[in-house]
4 protein chains.
Amino acid sequence: MTTFSDIAPQLTHQEIELPSWAFGNSGTRFKVFAQAGVPRTPEEKIADAAKVHELTGLAPKVALHIPWDLVDDFDKLGAFAADHGVRLGTINTNTFQDDDYKLGSLTHPDAAVRRKAIDHMLRCVDIMDSTGSRDLKIWLADGTNYPGQDDTRSRQDRLAESLRVVYDRLSAEQRLVLEYKFFEPAFYHTDVPDWGTSYAHCAALGDRAKVCLDTGHHAPGTNIEFIVMQLLRLGKLGSFDFNSRFYADDDLIVGAADPFQLFRILYEVIRSGGYGANSDVAFMLDQCHNIEEKIPGQIRSVLNVQEMTARALLVDADALADAQTSGDVLAANQLMMDAFYTDVRSDLADWRASRGLPADPIAAYNASGYREQITADRVGGQQAGWGA
Amino acid sequence: MTTFSDIAPQLTHQEIELPSWAFGNSGTRFKVFAQAGVPRTPEEKIADAAKVHELTGLAPKVALHIPWDLVDDFDKLGAFAADHGVRLGTINTNTFQDDDYKLGSLTHPDAAVRRKAIDHMLRCVDIMDSTGSRDLKIWLADGTNYPGQDDTRSRQDRLAESLRVVYDRLSAEQRLVLEYKFFEPAFYHTDVPDWGTSYAHCAALGDRAKVCLDTGHHAPGTNIEFIVMQLLRLGKLGSFDFNSRFYADDDLIVGAADPFQLFRILYEVIRSGGYGANSDVAFMLDQCHNIEEKIPGQIRSVLNVQEMTARALLVDADALADAQTSGDVLAANQLMMDAFYTDVRSDLADWRASRGLPADPIAAYNASGYREQITADRVGGQQAGWGA
Amino acid sequence: MTTFSDIAPQLTHQEIELPSWAFGNSGTRFKVFAQAGVPRTPEEKIADAAKVHELTGLAPKVALHIPWDLVDDFDKLGAFAADHGVRLGTINTNTFQDDDYKLGSLTHPDAAVRRKAIDHMLRCVDIMDSTGSRDLKIWLADGTNYPGQDDTRSRQDRLAESLRVVYDRLSAEQRLVLEYKFFEPAFYHTDVPDWGTSYAHCAALGDRAKVCLDTGHHAPGTNIEFIVMQLLRLGKLGSFDFNSRFYADDDLIVGAADPFQLFRILYEVIRSGGYGANSDVAFMLDQCHNIEEKIPGQIRSVLNVQEMTARALLVDADALADAQTSGDVLAANQLMMDAFYTDVRSDLADWRASRGLPADPIAAYNASGYREQITADRVGGQQAGWGA
Amino acid sequence: MTTFSDIAPQLTHQEIELPSWAFGNSGTRFKVFAQAGVPRTPEEKIADAAKVHELTGLAPKVALHIPWDLVDDFDKLGAFAADHGVRLGTINTNTFQDDDYKLGSLTHPDAAVRRKAIDHMLRCVDIMDSTGSRDLKIWLADGTNYPGQDDTRSRQDRLAESLRVVYDRLSAEQRLVLEYKFFEPAFYHTDVPDWGTSYAHCAALGDRAKVCLDTGHHAPGTNIEFIVMQLLRLGKLGSFDFNSRFYADDDLIVGAADPFQLFRILYEVIRSGGYGANSDVAFMLDQCHNIEEKIPGQIRSVLNVQEMTARALLVDADALADAQTSGDVLAANQLMMDAFYTDVRSDLADWRASRGLPADPIAAYNASGYREQITADRVGGQQAGWGA
């Protein structure tokens, strides 16, 4: 039987990148509820992310979103981050908020619009050169709302051409990570709707093109851990966007909707070499805290991933292999469930304390005075959100 | 066999209420794309709706949304509508865009917030008294994002209490119409998520409480026409919000995603007495034209409903009853399909022309100069949208 | 904080009825895999169910399915059960395996077929009189495969009439429990597809008509615990059919697919008075063990329900109410998760041992020799299955 | 504008392969309803299929399922088919009905079981050599019901190895066509659940490995026509299994559930070169006629495909390209809808008559006496079904 002390050394490998935009305001098409103390600048977002890392030891990197996090001097922003104990991470492109992109970006029928979108991405690679970021993450809102609105086949060809230009600009240490999404904001077809499409494009592009799996971007009932396994088997899993959902792309706190699914995903990650020092899979959050507080929301999220990673590491691999080989369906399933039902919270609290971290990061945050400080300090100005 | 001339007289009964907000800007949480010529005032919205009615003869009423369409003098607004050939219709409440409603409105744990939401609805009934509207339509964004966030049972009880206050304020000619929605903007639970919940509340309230069925507000795979039939059988179908969807609540043009579903819905409406001079079921559109033009989008929508109503009327009821009684599955289905596949477009064009309407309302709109006029006139000011 | 010893007394109330058919062979339309030692008679099924109860103390009743479990002398069968330490429970009707029911049973267009189905149900009530069963459970396969195949409105009316005859036959201590199901075996419409339909019929029938909620019978994404709460609120939750599913009505072991969902369901049951000495809600399993062993599959299932009931009882109700009242979304959710993540397995093993039960019922079964005995004894004859 | 006479010449290319098993009994796990006149032998199935072709001119080939259609002498069976005016087509493998396959076939943990499944497939290729069939179609029921039951990664590796052996046995004119399916009969994971997985395996195997797209094998809401387009773009669409569904894999008559979806699928087929003399895409039906008559069910099905192909051919490609290029969303969509709503039934009846076929094949079947003949002749013996 595997115990917590057996698996504790592996926990030190865990790094979960935080999205700068999780600290800004977010909402639905019906309403964005503003919160007190929300950052107004990239620096303030980084400060908040650094606070999460300080209290958990799990989140040493901050992913940026361009142009939301555009600054004049990214070297300086990198230094600011370093001063706060974190690093700049993945650069996320945004080709969905300019009026020109109403009918598409990399797939748009008009070559001038495609060029504009490509140029935006090339500019993002320039930023990566400054920040030392490895990954350019591309999520496209491209798609159509009505059958016939555009020719989906031509859009695929245009997509392939556009991605090629961007891919060829990358340095040997940089990667292009292409995210897929079942639907939204397009409501009839999406140009990269499933892992198969992302995989086909990445396979055509080359070794440094990888797939990004956002856990909320699948059809109802999809077995996500199977896709994780398959992409790892094919050598094409680049990164995760973690969140959870009951319905569509709800962007709730990871592990909140179906914790057992998160367990199964992490089990497959570990099983197929996607976790640990030798893996290049990036783990990120991509969430919205529409109604709950954002900083403790992010703390809760990274803790959820850590707790579930510990549970997944606890699966007794040898016993499981025996049960699987002998076709003992109930015993094999029970070994999974035993790991899932093991309460690791107290062991993790001790482990954190042993590493100089707060045993209870949420309580530590509540006691830190940080909330009160940012609420007092961040008055006036334009709060960050998806629109800015 | 039933022919177009047999059913033409029944087409004169058709009235489809237009939502004032369909003429304003709309979009997704990612982006709202503005359009030229979008109305800035309730009057301009009404003018646009009136243009749709002028060209189709199908849309004599405009539904208002409060506070989006709040004016100082509703009598004057009614006169304005009359001058343009239309009437004011259903009053839609909005208890989801005030900061106080972040955790609910009629179901909120705090009695003061509930009172505020109730007061808003009472004010809407005051407006109905002015406008002569029959229906108060209540769609609630109330729900929670996380298990445990609030007590769902208590919320039901509070909902029942709040609705009672509103219902009791209605006059004998007024109705409360309670809409249900599967999810969004709440992502764990919604307080009125299904027809059963709306029905249970309406049954408790009284005869003038009815259910609003929005065709986009169901779980994947739901047989909507069955619900239509059931609500008509139970005497509780108050109104339709028409739109279409491939995924969630996409709010696409009615009939665009699954025209055969629209056919089946209208067949059940007709079958169970929900259509025609003796029915009190209200037919409304509730759509977003995020990327397509709004006025022709509404014209297309009412034409889609009309065309499909004609097809549904064409079902040969006697032959169908025979096939059903004899258990001839293929023959019965074929009778439905025969009506659905009958091309009524040319007959409808003739019928329109015979009534002094344009044979092709879309072409008539394109030729009317109205688009150019509003684009030129409506410069400056604040374009209408969900936020205003 | 609530501890295991606080809630242990409440665990004694738990009774989970076992379905006789879970011990017979089952499968999919593609293949039914036979297993060794499968019962050939109602008596052998009862013996297997009694073994589950002997080892767990959780399953004192066996639900019968008529005609699968038809015997000449039900008094004798009851005595047989009593000798084995269990009682006969719910009587399940079967109106889907006779050729006459191809196009429906209680809803069939032909009055003679409806009468046949009604007579079957009346015969089931006769059996209830013999067995002392309280509940007549009606699940109908009735529906259609093609639009137009039959008139859904007339079928509702015929359903209401048929149910009335059956309901009126019940004694004052007996109940009619009407199950709903989203789809299967009918693939276009189902006559009782959702809780709303079952509720409307039960409300019309009277106080002793209740709804049966099968956890696998919903559209994708449906919030089942909401329905549990609503039916309890309306006084109409009669019974549960427990199982789990990833896709359609998979009939997997309860708690296997989404354990957190089972937790939420049981939380709502407890919250609204559906659990305990004063509740008349019946808890049953309705599962298929297509590939896993059946007796340990049933043991695992009742243990899953017990473990999750314990976790649900552990929710700190006072703290939760405080967090909900103050609108602290994260804290409220955390209180739910804390209970869910509490590992009750060891405490439950001790509790079982303290009551003279095996600490590990699965291990006890494996050591009991029962498997070897039935494999040796039950040779020849016709193994029980859905067809017999 | 495109007219029927413009597109009529293209209709002559249409060939739709009939599945032999559509003429046998089929049903659900609840009940298989037998029908009169059902074939008892492969020859009788072929005779029925030939009748469909005789009346429609659309179905010159019959797909066989091994071992359901196993005969001693396939040359003789081929001659029998030729005598009846049809040819033997795709050979379908069956590795899901032997007890050994309970936990998998090509993916089974036990090498001996894998070898047995491979040998079955090699035997099928031997049959193809006799029948002159081009395609070996492999649909696997392989999967698991419970998390942990088997190692999904190892199963992929075993699948790749097994397929390689089969693929290498093919002659230069033969193809391996790998079908995917979302779920069923496995209820947790399926080894080939999506087009991406099938594509990845086929890409690894070689040029003569292709994907089979069954229209009923997708998650709810999946945009199937997008997958059609993508597979054609990637050169990997091997064949279609046509049917329709409202819920899961309902296997209803193609076009019955969502005719507009069938239109969109056929539009993309035509758009990307999958239809016509130069295409090697195979079009098959794969349906169950559980409650309706089988022969007219197949006639209705091929007519549905033909009617929808005609509509899809009617799309005005030039006007559509113009509207798409100019970004006129409403006009582009309208061009699709105009084709869809064109009533081609009467033109097709004339076209059929002009080619010596019955104008109304269903009526011709009813008048033919064939039903009465087979009902009289096929008495006794074992009716064909999925089990035989």
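Calculation criteria
- Residues numbered from 1 in each chain as written.
- Chains lettered and ligands numbered in written order.
- Predicted model: local features only at pLDDT ≥ 70, side-chain atom pairs only at ≥ 80, totals over all residues.
- Heavy atoms only, no water.
- Axes fitted to C-alpha atoms, helices over the stretch in contact; angles between N-to-C directions.
- Helix = DSSP H or I, 4+ residues; strand = E, 2+ residues; numbered from the N terminus.
- Parallel < 35°, antiparallel > 145°, perpendicular 65-115°, else oblique.
- Left-handed = near helix turned anticlockwise from the far one by under 90°.
- Contact = heavy atoms within 4.5 Å.
- Salt bridge = Lys/Arg side-chain N within 4 Å of Asp/Glu carboxyl O.
- Polar contact = N/O pair within 3.5 Å; in protein donor to acceptor, adjacent residues only side chain to side chain.
- Nonpolar A, V, L, I, M, F, W, Y, C, P; charged D, E, K, R; others polar.
- UniProt positions renumbered as here; feature names shortened; annotations may be inferred.
- Least-squares fit on C-alpha atoms with pLDDT ≥ 70 in both.

Undergrad: I would appreciate a short explanation of the packing of helix 5 (residues 152-169) of chain D against helix 6 (residues 195-205) of chain D in the present structure.
TA: A pair of packed helices is characterised by two quantities: the angle between their axes and the separation of those axes. All names here are of chain D. Contact pair helix 5 / helix 6: the axes reach a minimum separation of 10 Å and the direction vectors enclose 45 degrees. Taken together, the axes of helix 5 and helix 6 are oblique relative to one another. As helix 5 packs across helix 6, the resulting crossing turns out to be right-handed. Packed against helix 5, whose contacting residues are Gln 156, Leu 159, Ala 160, Leu 163, Arg 164 and Tyr 167, the element helix 6 presents Thr 197, His 201, Ala 204 and Leu 205 at the interface.

Undergrad: How should the interface of chain A and chain D be read in this particular structure?
TA: Interface size is commonly expressed as the accessible area that is lost once the parts come together. Counting residues at the interface gives 51 residues for chain A and 51 residues for chain D. Linking chain A with chain D are four salt bridges, by the criterion used here. Where Asp 157 of chain D meets Arg 233 of chain A, a salt bridge forms, and the shortest distance between an N and an O atom there is 3.0 Å. On inspection of chain A and its partner chain D, the count reaches 22 residue pairs in polar contact (both at pLDDT 80 or more). Elements supplying a minimum of two residues to the side of chain A that touches chain D: helix 5 (152-169), strand 7 (189-190), helix 6 (195-205), helix 7 (224-233), helix 8 (259-271), helix 10 (317-325) and helix 11 (329-341) of chain A.

Undergrad: What is the right way to look at the packing of helix 4 (residues 111-131) of chain B against helix 5 (residues 152-169) of chain B in this model?
TA: All names here are of chain B. One way to put it is that helix 4 packs onto helix 5 with a least axis distance of 9 Å and a crossing angle of 25 degrees. When the interaxial angle is binned, helix 4 and helix 5 end up roughly parallel. Pair helix 4 / helix 5 crosses with right-handed handedness. Residues Arg 114, Arg 115, Ile 118, Met 121, Leu 122, Val 125, Asp 126 and Asp 129 of helix 4 form the contact with helix 5, whose own contacting residues are Arg 158, Ser 162, Val 165, Val 166 and Arg 169. Tallied by class, the residues present in the contact of helix 4 with helix 5 amount to six nonpolar, one polar and six charged.

Undergrad: Would you explain the UniProt feature "domain: Xylose isomerase-like TIM barrel" (unreviewed entry) in chain A in this entry?
TA: UniProt annotation of "domain: Xylose isomerase-like TIM barrel" (unreviewed entry) refers to residues 72-223 of chain A when read in the numbering used here. Taken end to end, residues 72-223 of chain A is 39% helix and 17% strand, and its first and last C-alpha atoms sit 43 Å apart.

Undergrad: What exactly am I supposed to notice about the relation of the copies chain B and chain A here?
TA: Between the two copies of this chain, the relationship is a rotation about some axis together with a displacement along it. Take chain B, turn it by 180 degrees, move it 0.0 Å along the axis, and it overlays chain A with an RMSD of 0.0 Å. Within this description, the copies of the chain are treated as partners about a two-fold rotation axis. No C-alpha of chain B approaches the rotation axis more nearly than that of Arg 29 of chain B, which lies at 2.2 Å. When the interface residues of chain B are mapped onto chain A, 100% of them are again interface residues, pointing to one common binding face.

Undergrad: What's the story with the environment of Ala 310 of chain D in this structure? I'm lost.
TA: All names here are of chain D. Within the element layout of this structure, Ala 310 appears in helix 9 (residues 294-313). In this structure the C-alpha to C-alpha distance between Ala 310 and Asp 343, which are 33 residues apart in sequence, comes to 9.7 Å. Not counting chain neighbours up to four residues away, the residues in contact with Ala 310 comprise Phe 4, Ile 7, Leu 11, Val 344 and Leu 348.

Undergrad: How do you make sense of the relation of the copies chain A and chain D when you look at a structure like this?
TA: The transform that puts chain A on chain D rotates by 180 degrees and translates by 0.0 Å along the axis, for an RMSD of 0.0 Å. Interface overlap between copies: 100% of the residues of chain A at the interface are likewise at the interface in chain D, consistent with a symmetric, same-surface contact.

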